[in-house]
Amino acid sequence: MPIWNKEYERMGRPETQQLQLERLQMTVNRAYRNVPFYHRKFEQLNIVPEDVQSLEDVRKLPFTTKDDLRDGYPYEMFAVPMREVVRIHSSSGATSKPIVVGYTRNDLEHWAELVARVMSAAGVTRDDVVQIAFDYGLFTGGFGMHYGAEKLGASVIPVSSGNTERQIQIMQDFRSTALVGTPSYAIYMISLMDKLGIPPAALCLRVGLFGGEPMSEKTRAEIESRLGIIATDNYGISALMWPGIAGECELKEGLHINEDHFLVEVIDPDTLEVLPEGSEGELVITTLTKEGLPMLRYRTHDVSRITTEPCKCGRTTARMSPVRKRTDDMVIVRGVNVYPAEIKALLYDIEHVEPQYQIVVVRENGLDNLTLLVELSAEMISDQMQRLVELEETIKQRVHAVVGLTPRVRLVEPKTLEHVGPGNRILDKRVE
Ligand SMILES: [Zn+2]
């Protein structure tokens, strides 16, 4: 199995840590001197960059949150003047301010290099024809994968997302061997192929790189058996780098982290203490080489665990388990962030229902659907069918107006949802 960058992907632990420390000190300096937000934070904590003398000293540094980035909209968090920025990407931010990320030329080169590593780990080589079914635009999926695949020397088809029939046609005619996209899109593609009567044998596909949303083992197994490919998971955060932070090798025993560019900690989301290796907790990531938007201890809210045991593939980089849940109370459905707090608030304003609810997310034929279970108030239960239908409609409309997504609504009898506590308001059946 080829390794794209043996020098860094097979580096010994002491050498890796030494390199990480040097780069951390550089990043801390850059952030402190060029980003007023970090300068203020350092003053509040009464620290200076020189306080970072070991890797453990990262714990002295302030956390960065998504809200910090939103407050800095659009360019406040950049550490370089705009003339150094050669690319700008942004999150969607339908209901809140988006996060804007600026990349310098070096940032883009690193990005391509790290995605090339992720692709190579999944088994992609220059002999592959890579079909990229991510959006090309402000969203980083398409461009991120594109330049990595080109760097690797593969033949890249920037087909982008949508028009699935054409996508399948291209996959057949252009003899694509690698597919890049979200797992749910792959499932959708499979169901359409069924409908069109195209057998997987009509394709040349042999490997898939899936990201952008959690992929359960069940979904992975389905994609692998139906398409006859190896399906790998990869990880990133668009505010830092996505894709490119980590990716699975063909052994699929954890995602190899590009540790020479990212320092990853696992913390207890309640106490904020760093947890020992192997513990499950929230990933906190510090960038080590980013110039445009350096980030100290970014709280991802993604839950994972990390091991530094070398992998049988020969890479010595630490590995993280696939991310399948988040610490904050939020679920992403069809790219829309759904917060239980918002649902609760809108139910308070609707007559005849209690603010008792549960959010159930399922994936059917590759599409995510959200069902909202809502408790009726006691006086409503024996009422007419017509009024219940109207009530369901009202809830649907309110949720659509606030969240931007139309749920299915199921009204349930009073007191049925009493047992549903804050920890299980969301039942995500996509991840099993
Ligand atoms: Zn490996």
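Not measured: the values here are computed from a predicted model. (Residues numbered from 1 in each chain as written. Predicted model: local features only at pLDDT ≥ 70, side-chain atom pairs only at ≥ 80, totals over all residues. Heavy atoms only, no water.)

Draft legend 1. Focus on the packing of aromatic side chains. Evaluated as defined, the whole model comprises 10 aromatic pairs. Arranged with centres 5.2 Å apart and planes meeting at 40 degrees, the rings of Tyr75 and Phe78 form a pair that is tilted. Through a chain of ring-to-ring contacts, the aromatic side chains of Phe134, Phe139 and Trp242 assemble into a single cluster. For the cation-ring pair, Arg299 lies above Phe63, with the distance from its terminal atom to the ring centre recorded as 5.9 Å. The residue whose ring lies beneath Arg425 is Tyr357, and the NZ or CZ to ring-centre distance is 4.6 Å. (Phe/Tyr/Trp six-rings, centres within 6.5 Å; stacked < 30°, edge-to-face > 60°. Lys NZ or Arg CZ within 6 Å of the ring centre and 35° of its normal.)

Draft legend 2. Seen up close, the pattern of salt bridges. A full pass over the atoms with the stated rule returns 21 salt bridges. Taking the shortest distance from any N to any O, the salt bridge between Glu364 and Arg408 comes out at 3.0 Å. Highlighted residues: Glu364 in strand E17 (residues 353–364) and Arg408 in strand E19 (residues 408–412), separated in sequence by 44 residues. Judged by its relative accessible area of 33%, Glu364 falls in the partly exposed class. Members of the salt-bridge network, linked through shared partners, are Glu213, Arg363, Asp368, Asp428 and Arg430. (Salt bridge = Lys/Arg side-chain N within 4 Å of Asp/Glu carboxyl O. Helix = DSSP H or I, 4+ residues; strand = E, 2+ residues; numbered from the N terminus. Buried < 20%, exposed > 50% of the residue type's maximum accessible area, 1.4 Å probe, protein only.)

Draft legend 3. A look at the coordination of the zinc ion. Taken together, Cys249 (SG), His256 (NE2), Cys311 (SG) and Cys313 (SG) make up the protein donors of the zinc ion, found 2.1 to 2.3 Å from the metal. One can describe the site at the zinc ion as tetrahedral: its 4 donor atoms subtend angles covering 101 to 115 degrees at the metal. Summarised as a motif, the one-chain spacing of the donors to the zinc ion is C-x6-H-x54-C-x1-C. Of this pair, Cys249 sits in the loop between strand E8 (241–248) and strand E9 (255–257) while Cys313 sits in the loop between strand E13 (306–307) and strand E14 (319–320); the two residues are 64 residues apart in sequence, bridging distant segments of the chain. (Donors = N, O, S within 2.8 Å, 3.2 Å for Na, K, Ca; no water. Tetrahedral: all angles 85-135°; square planar, octahedral: opposite > 155°, others 65-115°.)

Draft legend 4. Looking closely at helix H7 (residues 164–173). Looking only at H7, the buried set comprises Thr164, Gln167, Ile168, Ile170 and Met171. What you see down the axis of H7 is that its buried residues fit within an arc of 160 degrees, all on one side. The inward-facing, buried residues of H7 contact strand E3 (129–132), strand E4 (155–157), strand E5 (178–181) and helix H8 (183–196). (Arc of directions from axis to C-beta. Contact = heavy atoms within 4.5 Å.)

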